[in-house]
Amino acid sequence: MKIVLDANVIIAAFAARGLCESIMEVCLSEHEVMLCDDLLDEIRRNLRLKIKLPAMTLNEIDEFLREHGVMANPAPLHPDVCRDPEDVKVLGLAVASGADYIVTGDKDLLDLKKFQGIPILTPRSFSDVLHDKKD
């Protein structure tokens, strides 16, 4: 499957052990994690400002994600497809890459439920999907 993990999920995966870390681990090892430069910039910025990670660690995370993820250019979308214009890149990435799921904790995205047929799920709901597919 092709999965778009929103920046908040990836940040949580690096910030603490837990559900987001587990999801990212499974997605990186068994699926394709779709990324774009804007998403990586947001991840890097938030890990630096909110988690206070040093530059060397940020560089290692960026390299790791680029090596293990799949880079794509987001499809151009009208800025009003979502309440928060910053979320348009996530939707555009999902469309351009033919993603099967968007995983996020962002309420503006979750309120959409689906975008162009792509389900938008919380990490918990996506974890349930992953477990159902293994059974």
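A quick note: this is a predicted structure, and the numbers were derived from the prediction, not measured. (Residues numbered from 1 in each chain as written. Predicted model: local features only at pLDDT ≥ 70, side-chain atom pairs only at ≥ 80, totals over all residues. Heavy atoms only, no water.)

**What to know about the side chain of Thr104**
Tracing the backbone shows Thr104 in the loop between strand E4 (101-103) and helix H6 (107-110). Given a relative accessible area of 0%, Thr104 falls into the buried group. Here Asn8 takes part through its side chain, which lies 3.2 Å from a polar atom of the side chain of Thr104. In this structure the side chain of Thr104 is engaged in a polar contact, spanning 2.9 Å, whose partner is the backbone nitrogen of Asp106. Other than its neighbours up to four places away in sequence, Thr104 contacts Asp6, Asn8, Val9, Leu109, Leu110, Ile120, Leu121, Thr122 and Pro123. (Helix = DSSP H or I, 4+ residues; strand = E, 2+ residues; numbered from the N terminus. Buried < 20%, exposed > 50% of the residue type's maximum accessible area, 1.4 Å probe, protein only. Polar contact = N/O pair within 3.5 Å; in protein donor to acceptor, adjacent residues only side chain to side chain. Contact = heavy atoms within 4.5 Å.)

**Section: the pattern of salt bridges**
One pass over the full model with this rule turns up 8 salt bridges. The salt bridge involving Asp62 is made with Arg66; its shortest N-O contact spans 2.9 Å. With Asp62 and Arg66 both in helix H4 (residues 55-68) and 4 residues apart, this pair spans about one turn of that helix. Under the relative-accessibility criterion, Arg66 is labelled partly exposed at 37%. Its salt-bridge partner being Glu86, residue Lys89 comes within 3.7 Å of it at the nearest N-O pair. For Lys89, a relative accessible area of 13% translates into the label buried. Here the residues in one salt-bridge network are Arg83, Lys107, Asp108 and Asp111, joined through shared partners. (Salt bridge = Lys/Arg side-chain N within 4 Å of Asp/Glu carboxyl O.)

**Structural notes on helix H3 (residues 37-49)**
An α-helix turns once every 3.6 residues. As a result, residues three or four positions apart point the same way. With 13 residues, H3 should cover 18 Å at 1.5 Å per step; its first-to-last C-alpha distance of 18 Å lies within 8% of that length. All of the buried residues in H3 are Leu39, Leu40, Glu42, Ile43, Asn46 and Leu47. Along the axis of H3, the buried positions cluster into a sector of 160 degrees, meaning they face one direction only. As for H3, its buried residues are in contact with strand E1 (2-5), helix H1 (7-15), strand E2 (32-35), H4, strand E3 (70-71) and helix H5 (88-97). (Expected span 1.5 Å × (residues − 1). Arc of directions from axis to C-beta.)

**Overview of empty space enclosed by the protein**
Applying the stated criterion across every chain, the model contains 1 cavity of 30 Å³ or more. Around the largest cavity, the lining residues are Leu40, Ile43, Arg44, Leu47, Leu58, Ile61, Asp62 and Leu65. Mapped onto the lining of the largest cavity, the elements with two or more residues apiece are H3 and H4. (1 Å grid on protein atoms, 1.4 Å probe; cavity = no way out; pocket = protein on both sides within 12 Å on 5 of 7 lines; lining within 4 Å. Points joined across faces, edges and corners; volume = space filled by probe spheres on them.)

**Comments concerning the packing of aromatic side chains**
Summed over all chains, the structure comprises 2 aromatic pairs. With 6.5 Å between their ring centres and 90 degrees between their planes, Phe14 and Phe64 make a pair best called edge-to-face. Linking Phe14 in helix H1 with Phe64 in helix H4, this pair joins segments that are 50 residues apart in sequence. (Phe/Tyr/Trp six-rings, centres within 6.5 Å; stacked < 30°, edge-to-face > 60°.)

**Quick word on the pairing of E2**
With 2 bridges connecting them, E1 and E2 associate as parallel partners. Across the sheet, the residue bridging to Ile3 is Val33, located in E2. Pairing geometry for E2 and E3, over 2 bridges, is parallel. Counted as the bridge partner of Leu35 is Met71 from E3. (Pairing = 2+ DSSP bridges.)

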